[in-house]
Amino acid sequence: MAVQSFHGTEPKLGAGVYIAESAVVIGDVGLGKDVSIWPTSVVRGDVNLIEIGDETNIQDGSVLHVTHRSASNPEGHPLVIGNGVTVGHRVVLHGCRIGDLCLIGIGAIIMDGAVVEERVIVGAGTLVPPGKRLESGFLYVGAPAKQVRTLKDEELEYLSYSKDGYVLLKNQYLRDAGLALS
């Protein structure tokens, strides 16, 4: 795994974190406990901070980045991801906020200042434009993202099932690598 400091700031890794060898985690990044970062993902906290909550998984080929602070935007746009979030393959998250127990579908793009509330499914290939807010409990699809319908009970249950499955999977990877689960 490539975990590297930037400008004197080291990523902070919680207990039981798994980072694939081909993934890169740089700079002002905080990973909660039982987070998994899968192959070829990039988590680049160089010009602002990235926080990833407990039991969140960032799947293969995803790119996570931030927007720098400036005179016109003093806080910039950090990237904050809640607990138990499943981020699908090839997702781009840029300076946005993702609530707890969300599923971000394969190839989705979520832009600066967007807010995804808790328990939301963002469909594969969906584009969430800058500053858009996605309300809790709904499925969103399209480019730009549109609210399609209320999530069904089985979909809400799947959000926990998905995060639990990825915690078990990353634990197996850690065991296979001979690493202790802390």
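Our subject is the structure that appears above.
If you're wondering where the values come from, they're calculated on a predicted model, not measured in any experiment.

So, about the state of the cysteines. Within the structure shown, the criterion is met by zero disulfides. There is no disulfide at Cys96, and the cysteine sulfur nearest it, in Cys102, is 10 Å away. A relative accessible area of 1% places Cys102 in the buried class.

Bringing the packing of aromatic side chains into the picture now. The description of two aromatic rings rests on the distance between their centres and on the angle between their planes. With the rule as written, the count across this model stands at five aromatic pairs. Seen from their ring centres, Trp38 and Tyr166 are 5.8 Å apart, and the 75° between their planes marks the pair as edge-to-face. On the criterion of sequence distance, the pair formed by Trp38 in the loop between β5 (36-37) and β6 (42-52) and Tyr166 in helix α1 (residues 153-176) is long-range, its members being 128 residues apart. Since its relative accessible area comes to 3%, Trp38 is described here as buried. Between Tyr158 and Tyr161 the ring centres are 5.7 Å apart and the planes differ by 40°, which places this aromatic pair in the tilted class. Taken together, the positions of Tyr158 and Tyr161, both in helix α1 and three residues apart, correspond to about one turn of that helix. Residue classification places Tyr161 among the exposed residues on the basis of a relative accessible area of 59%. Through a chain of ring-to-ring contacts, the aromatic side chains of Tyr18, Trp38, Tyr166 and Tyr173 assemble into a single cluster.

For α1, spanning 24 residues, the distance from its first C-alpha to its last is 35 Å, which sits close to the expected 34 Å at 1.5 Å a residue. Listed as buried for α1 are Glu155, Leu159, Ser162, Lys163, Val167, Lys170, Asn171 and Leu174. Where α1 ends, the next residue or the one after it, Gly178, has phi of about 75°, a positive value.

A separate point is the environment of Pro144. Within the secondary structure, Pro144 is located in the loop between β19 (138-141) and β20 (146-150). Accessibility expressed as a relative area gives 40% for Pro144, which makes it partly exposed. Spatially, the C-alpha atom of Pro144 lies 9.9 Å from that of Ile109, the residues being 35 residues apart in sequence. Each residue touching Pro144, except ones within four places of it in the same chain, is listed here: Leu127 and Pro129.

Strand order across the open sheet formed by eight strands is β3-β5-β7-β10-β13-β16-β19-β20, with mixed pairing between neighbours. The open sheet has two edge strands, β3 (18-19) and β20, and neither has a second partner. Across two bridges, the pairing between strand β13 (residues 103-104) and strand β16 (residues 121-122) is parallel. Paired with Leu103 across the bridge in β16 is Ile121.

So, about the pairing of β19. Pairing analysis gives two bridges linking β16 to β19, with the strands arranged parallel. If you follow Val122 over to β19, its bridge partner there is Tyr140. As defined by bridge partners, β19 adjoins β20 across four bridges and the pair is classed as antiparallel. Bridge assignment links Phe138 to a residue of β20, and that residue is Thr150.

Quick notes on the rules
- Residues numbered from 1 in each chain as written.
- Predicted model: local features only at pLDDT ≥ 70, side-chain atom pairs only at ≥ 80, totals over all residues.
- Heavy atoms only, no water.
- Disulfide = S-S within 2.5 Å.
- Buried < 20%, exposed > 50% of the residue type's maximum accessible area, 1.4 Å probe, protein only.
- Phe/Tyr/Trp six-rings, centres within 6.5 Å; stacked < 30°, edge-to-face > 60°.
- Helix = DSSP H or I, 4+ residues; strand = E, 2+ residues; numbered from the N terminus.
- Expected span 1.5 Å × (residues − 1).
- Contact = heavy atoms within 4.5 Å.
- Pairing = 2+ DSSP bridges.

On their own, these measurements won't tell you what the molecule is for.
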